[in-house]
There are 2 protein chains.
Amino acid sequence: MSADDHRKSRVTLLDVARHANVSRATVSLVVRKSPLVSEATRAKVERVLHELGYIYNMGAASLRAERSNTVGVIVPTLGNPFYGELLSGIDSVVGETGMAVILANSGEQFSRQSLLLQRMREHGVDGIIASLTAETQAECIEQISDWGLPVVQVLRQVTDRLDYAGVDYAGGMQQAVDYLASLGHREIAFAVHGPVHSAYRERIEGFRGAMLERGLDPDLIVRVPMAMPDIASAVPLLFERKTPTATICFNDVIALGLAAGLYDSGRVIGQDFSLVGFDDVSDAEATRPRLTSVSSRPTTVGQNAARLLLQRIAKPHRAPQQIVSKTYLKIRQSCGPVDAFTI
Amino acid sequence: MSADDHRKSRVTLLDVARHANVSRATVSLVVRKSPLVSEATRAKVERVLHELGYIYNMGAASLRAERSNTVGVIVPTLGNPFYGELLSGIDSVVGETGMAVILANSGEQFSRQSLLLQRMREHGVDGIIASLTAETQAECIEQISDWGLPVVQVLRQVTDRLDYAGVDYAGGMQQAVDYLASLGHREIAFAVHGPVHSAYRERIEGFRGAMLERGLDPDLIVRVPMAMPDIASAVPLLFERKTPTATICFNDVIALGLAAGLYDSGRVIGQDFSLVGFDDVSDAEATRPRLTSVSSRPTTVGQNAARLLLQRIAKPHRAPQQIVSKTYLKIRQSCGPVDAFTI
DNA sequence: CTGAAAGCGCTTACAG
DNA sequence: CTGAAAGCGCTTACAG
């Protein structure tokens, strides 16, 4: 029996019904584990189901039931390990319910994101989790929701009229500044890069707020390149206008890059210069000296987003929810007291 | 107009047909961009399509056409950045055709993988790309294919009767050994971990073959733990039986971990000890000294796998194909000549 | 080039 | 607790 034969001779509910001497509706109930069917009938039907090698046709069920048991996930990049962990969190809670995840990568391009949103709608996903590009307007995404398609924003918030699962970035910056200040640092730089979305602005504002609160100069914000090798060579930018003794980084990618560049320039991190990362991806533990980093626990954020979406699908009309999870500072070895500095 | 109204009053082909004074079939042809329809009719229909806000219902189309325009992708973990890059490659070529990727994570568990395979079949995916767990038997996966569901194996090969996109691991090990030998190293360890699948065996055999060819001891194979912090503390294992002057690593995760551990033990990498990684993920460039690594280009492998699947879907009966891509050695700073060693 | 009819495999009321 | 009928929105032959 060739593959094609199998394809064509697909076993349907009706086939099972005939073999088991019941109606198609009864088989459907058994398949969906309804309690409305007697033990005896259920046992008989289940045996036939198995004998005939019945495979549930989710597509057909979706058409009739008007739900597809799929959720769409749009991420801005797959190259950053951070999003792998986020996906892992989403997949674990969505997968538990038996639903499937449809994944797409916008590459931080708004036009591509629009295409993907459209495509997901055509695929009939029951809801969408998206980390939206910086250009995305509130109207754009609220409209999707107005179509009756549940949307939850993850990591980047475009509107407060829709669900959002994110991270308390401002609190994280506060923790970083507090820690460095407690070590005696007063000139602290903030190294950033990438598109200007809510998560970017929150970090900037968090940094400025925390610095101002302590009467420190909040303006030492330095934009560095995106690519890893270029970040390392951007170290001189830190010292262009002032002479900071410490730098907080927008993410661990920047921290690792700067750590490399500082090393190249002969500085000993944690001794001559202090560095705090953000996100606490697994590499923070692997580098030497170990990188002190503000943990944003992407897996947890992914799980939060998935739970929000599931709840939204169940109750389309409840008020928008936001889950903003706390960060915590993972202290390792990349910071030292300012007094010890030899610069 | 509330979200529910939208849902219920979905615009169908029939609605469009009535407004445009044509038949439903004609609208269907326009939507699918068939050349069988006149310019005038097409223009008229397209206008109505747009006016009414028609959304293609992929689910309904799938049911009738017996293809879903989705492909399933099963990865063993999402925590390793390597798989993010692989996914990125798959997504880019699958996305180009307008198909959607259904993603699932087996967590290296065979039982979970079976569940996912079953679920993907129920979702009616047109094909599957999978990096299979070590326990997977040839029969298991050949059976999926016998059901008429195209499968391509990626990175790990269970059977040669099905398509496979992978990496020339043995060639990569050869490159690493050749390079270290050219620097004068004769005692070379191989640090490995993880489940024993084809990619694992190929690397082991590649290492042993390359060592034997040069008359070197092929048995210095050391198993290290999975978790990053534990790898660093596994450095003493390298020196338990012999005193290697260099180590090749199964992947960059191990290389980075051992680099950290060697640093902790006071050794200077590239001077006191040489280290070669495998995969060349972005961190290889960021660490100091920069890590010399055998590049396996996961994005390319992902693209290869996706192309194989697309071809297989188009021609179910052609002979199985394998695309084994070459590695190349990215030389950086983590290796030095053995003469310079002070041990 | 266009239309009328049938059917993909399921679930949903509605009867009994 | 079980069955007969209708229909989800599309595509596929088949006529014209």
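You'll find the structure just up there.
In this text the structure is predicted, and so the values were computed from the model without any measurement.

What counts and how
Residues numbered from 1 in each chain as written. Chains lettered and ligands numbered in written order. Predicted model: local features only at pLDDT ≥ 70, side-chain atom pairs only at ≥ 80, totals over all residues. Heavy atoms only, no water. Salt bridge = Lys/Arg side-chain N within 4 Å of Asp/Glu carboxyl O. Helix = DSSP H or I, 4+ residues; strand = E, 2+ residues; numbered from the N terminus. Buried < 20%, exposed > 50% of the residue type's maximum accessible area, 1.4 Å probe, protein only. Near = heavy atom within 4 Å. Polar contact = N/O pair within 3.5 Å; in protein donor to acceptor, adjacent residues only side chain to side chain. Nonpolar A, V, L, I, M, F, W, Y, C, P; charged D, E, K, R; others polar. Pairing = 2+ DSSP bridges. Axes fitted to C-alpha atoms, helices over the stretch in contact; angles between N-to-C directions. Contact = heavy atoms within 4.5 Å.

Caption draft 1: Geometry of the pattern of salt bridges. Within this structure, the stated rule accounts for 28 salt bridges over all chains. We note a salt bridge from Glu108(B) to Arg156(B), for which the minimum N-O separation is 2.9 Å. Here the residue Glu108(B) occupies a position in the loop between β2 (100-105) and α7 (110-122), and Arg156(B) occupies one in the loop between β4 (151-154) and β5 (163-167), the gap between them amounting to 48 residues. Exposure remark for Glu108(B): the relative accessible area of 25% places this residue in the partly exposed category. Judged by its relative accessible area of 5%, Arg156(B) is buried. One connected set of salt bridges, linked through shared partners, spans Asp264(A), Asp280(B), Glu285(B), Arg288(B), Arg290(B) and Arg332(B).

Caption draft 2: Up close: the protein's contact with DNA strand C. Close to DNA strand C lie 28 residues, the nearest being Arg24(A), Ser28(A), Tyr54(A), Thr41(B) and Arg64(B). Across the atoms of DNA strand C situated within 4 Å of the protein, the share located in sugar and phosphate is 65%. Here Arg32(A) contributes a side-chain N or O atom positioned 3.1 Å from a phosphate oxygen of DNA strand C. One of the backbone nitrogen or oxygen atoms of Ala60(A) is found 3.3 Å away from a base nitrogen of DNA strand C. Of all the elements, helix α5 (residues 58-65) of chain A adds the most residues to the surface near DNA strand C, at 4 residues. Residue composition of the surface near DNA strand C, grouped by class: 13 nonpolar, 8 polar and 7 charged.

Caption draft 3: Seen up close, the pairing of strand β1 (residues 70-75) of chain B. Residue and element names in this part refer to chain B. A large share of β1 lies buried, amounting to 6 of its 6 residues. The side-chain alternation of β1 yields two buried faces, one formed by Thr70, Gly72 and Ile74 and the other by Val71, Val73 and Val75. Bridge count between β1 and β2: 6 bridges; the pairing is parallel. Within the sheet, the bridge partner assigned to Val71 lies in β2 and is Val101. Bridge count for β1 against strand β3 (residues 127-130) is 4 bridges, and the pairing is parallel. Across the sheet, residue Val71 finds its bridge partner in β3, namely Gly127.

Caption draft 4: Looking closely at the protein's contact with DNA strand D. Close to DNA strand D lie 28 residues; Thr41(A), Arg64(A), Arg24(B), Ser28(B) and Tyr54(B) are nearest. Counting only the atoms of DNA strand D that lie within 4 Å of the protein, the sugar and phosphate share comes to 63%. Contacts to DNA strand D include Arg32(B), whose side-chain N or O atom sits 3.1 Å from a phosphate oxygen. One of the side-chain N or O atoms of Arg64(B) is found 3.0 Å from a base oxygen in DNA strand D. Secondary structure elements with two or more residues in the surface near DNA strand D: α3 (24-31) and α5 of chain A together with α3 (24-31) and α5 (58-65) of chain B.

Caption draft 5: Layout of the sheet that holds strand β10 (residues 292-295) of chain A. Residues and elements named next belong to chain A. Here we have 6 strands laid out as an open sheet, ordered β7-β6-β8-β9-β10-β12, and mixed in their pairing. With one partner strand each, in any of the chains shown, β7 (221-223) and β12 (328-330) form the two edges of the open sheet. Strand-to-strand twist across the sheet, computed as the mean angle between neighbouring axes with direction ignored, equals 25 degrees. By the bridge criterion, 4 bridges tie strand β9 (residues 274-279) to β10 in an arrangement that is parallel. When the bridges of β10 are listed, Val276 appears paired with Thr292. Running over the sheet, helix α10 (residues 198-213) touches β6 (188-192), β7, β8 (246-249) and β9 and is turned about 175 degrees from β6.

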